[in-house]
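Residue-level structure breakdown
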Amino acid sequence: MSLAFTGNNEAEVIALPHPSQHELEIGLLSDAAHTSPKYLYDAVGSVLFDAICELPEYYPTRTEASIFTQYMSDIAHAIGPHSTLIDLGAGNCRKAARLFPLLHPNQYVPIDISIKYLEDAVQRLQQRFPYIEMTALGLDFSKPWTLPDEIRSDKRLFFYPGSSIGNFEPSHAHAFLRHLRSECDADGGLLIGIDLIKDHDTLHQAYDDALGVTAAFNLNVLRHINQILGSNFDVQQWRHHALFNTSHSRIEMHLEARTAQTVTWKNMHRHFLPGEKIHTENSYKYSLDKFLALLDSAGFGHAQYWTDSNNWFAVVYAKA
Ligand code: AVI
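Quantities reported herein were computed from a predicted structural model and do not represent experimental measurements.

Our next topic: the overall build of the protein chain. In terms of helices and strands, the protein chain carries 10 helices and 14 strands. In terms of overall dimensions, the protein chain is globule-like: its C-alpha atoms have a radius of gyration of 20 Å, near the 20 Å expected for 320 residues. The dimensions of the protein chain, computed from C-alpha atoms along their principal axes, are 60 × 45 × 35 Å. Put simply, the protein chain has 320 residues, and 54% of those count as buried. Summarising the internal contacts of the protein chain: among those between residues at least 6 apart in sequence, 70% fall at separations of at least 24. Within the structure as shown, the protein chain displays about 14,100 Å² of accessible surface, and the carbon and sulfur contribution to it stands at 54%.

On to the packing of helix H1 (residues 21–29) against helix H9 (residues 213–229), then. Axis separation between H1 and H9 bottoms out at 10 Å; the angle between their running directions is 125°. Considering the angle they form, H1 stands oblique to H9. By crossing handedness, the relation of H1 to H9 is classed as left-handed. Contacts from Gln21, Leu24, Glu25 and Leu28 in H1 reach Ile225, Ile228 and Leu229 in H9.

Backbone-to-backbone hydrogen bonds join strands into a sheet, with any given pair of strands oriented parallel or antiparallel. Taken together, the 3 strands give an open sheet; going across it, the order is S8-S9-S12, and neighbouring strands pair in antiparallel fashion. The sheet is open, and its two edges are formed by strand S8 (238–245) and strand S12 (277–284), each paired on a single side. Mean inter-strand twist for the sheet, computed between neighbouring axes without regard to direction, equals 20°. As paired strands, S8 and strand S9 (residues 250–257) are joined by 8 bridges and run antiparallel to one another. Directly across from Phe244, in S9, lies its bridge partner Ile251. Against the sheet, H9 contacts S8, S9 and S12, and its axis sits at roughly 60° relative to S9.

Glancing now at the site of the ligand. In the vicinity of the ligand there are 14 residues, among which Tyr58, Asn167, Tyr207, Glu281 and Ser283 approach most closely. Note that a nitrogen atom of the ligand is positioned 2.9 Å from one of the side-chain N or O atoms of Asn167. Within the contact set of the ligand, an oxygen atom lies 2.4 Å away from a side-chain nitrogen or oxygen of Tyr207. Taking 350 Å² as the accessible area of the ligand by itself, protein coverage stands at 96%. Of all the secondary structure elements, the ones that give two or more residues to the shell around the ligand are helix H2 (43–53), H9 and S12. Its residues placed into classes, the shell around the ligand shows 7 nonpolar, 6 polar and 1 charged.

Interhelical geometry of H2 versus H9 gives an angle of 170° and a closest axis separation of 9 Å. Here H2 is positioned roughly antiparallel relative to H9, judged by the angle of their axes. Two packed elements cross with a definite hand, and for H2 against H9 that hand is left-handed. Along the contact surface, H2 presents Val44, Gly45, Leu48, Phe49, Ala51 and Ile52, while H9 presents Val213, Thr214, Ala216, Phe217, Asn220 and Arg223. Across the contact of H2 with H9, the residue classes break down as 8 nonpolar, 3 polar and 1 charged.

With 35 residues, the main nonpolar core has Leu88, Ile165 and Leu177 as its most contacted residues. Elements supplying a minimum of two residues to this core: strand S3 (84–88), strand S4 (107–112), strand S6 (156–160), helix H7 (170–183), strand S7 (189–195), helix H10 (288–297) and strand S14 (313–319).

Moving on, we come to the environment of Ser83. Following the sequence through the fold, Ser83 ends up in the loop between helix H3 (59–79) and S3. Taking relative accessible area as the criterion, Ser83 reaches 8% and is therefore assigned buried. Along the chain, Ser83 and Pro274 lie 191 residues apart, while their C-alpha atoms are 54 Å from each other. When near neighbours in sequence (up to four residues on either side) are disregarded, Ser83 contacts Pro105, Asn106, Gln107, Asp154 and Lys155.

Quick notes on the rules
- Residues numbered from 1 in each chain as written.
- Predicted model: local features only at pLDDT ≥ 70, side-chain atom pairs only at ≥ 80, totals over all residues.
- Heavy atoms only, no water.
- Helix = DSSP H or I, 4+ residues; strand = E, 2+ residues; numbered from the N terminus.
- Rg over C-alpha atoms; globule rule 2.2 N^0.38 Å.
- Buried < 20%, exposed > 50% of the residue type's maximum accessible area, 1.4 Å probe, protein only.
- Contact = heavy atoms within 4.5 Å.
- Areas by Shrake-Rupley, 256 points an atom, 1.4 Å probe, with all protein chains shown as cover.
- Axes fitted to C-alpha atoms, helices over the stretch in contact; angles between N-to-C directions.
- Parallel < 35°, antiparallel > 145°, perpendicular 65-115°, else oblique.
- Left-handed = near helix turned anticlockwise from the far one by under 90°.
- Pairing = 2+ DSSP bridges.
- Near = heavy atom within 4 Å.
- Polar contact = N/O pair within 3.5 Å; in protein donor to acceptor, adjacent residues only side chain to side chain.
- Nonpolar A, V, L, I, M, F, W, Y, C, P; charged D, E, K, R; others polar.
- Core = buried A, V, L, I, M, F, W, Y, C linked by side-chain atoms within 4.5 Å.

By themselves these figures say nothing about function.
Right, dumping it as structure tokens:
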């Protein structure tokens, strides 16, 4: 980890180590080729994800925002005073910034794998809120992680909006929540957004929008991989494919080869047949009961939740 202190009225930025080429190679060379969803988020992918959040088909962002608008004072009351707000997968930091006037944190710690994108966002935010100490961290949640010592240990509130927990396999989600619990002190807690199970058409359209923004977001993985590995994926030879897998209660995103092709990098190569897929993301959808049970088994105590009128999305506050 390298550390850069950027001076007066600027946020501190602690950057991420370089991505592991080996992990990518193992996934690409597997019989059922796959990549971790973290490769969706380079600078271009982060911008495309922001565009997805504005799409009419992508209901999670606006539904979660509507819950916060309707219940903000109840949520703030349930949470009580917290001094450190730790924003997991912060992206453009907009969701957390909306909480500042109600939660009054002394310290804000946005964390994201896309550190360059985060750095620009947090520097702008620091100008708007000069009285909040800000430290941006580049972290990869798929690897073991812990917060640096300088992040105050009292009254930590972890904020994990947008149902990003759905991008973990359930066993990893459990381990991740357990880890968050262990990073909380007795007064700590977790405020988290959960995408709930709903009709399959709504789910499918949210991940295969008419404008093709989600398709571009998914295909951008190939550009990102080319940058990391020096490989020669030709983006035009691939198409986006999204489906709801009922037995696993998850949306799956894949990239499907349009033609037979051999992709090469360093001294390696991978041949793909027409129609062969690379599995790029899972997005698990939970029932509220199942998610509350997961929180409980991860060691969180009392949980309170708020939902929208369709029961499409839930915001949950779980005390440590
Ligand atoms: C970040 N994450 C919660 C999004 C999701 O809905 O799983 C990522 C995404 N993938 C396609 N569209 C949005």
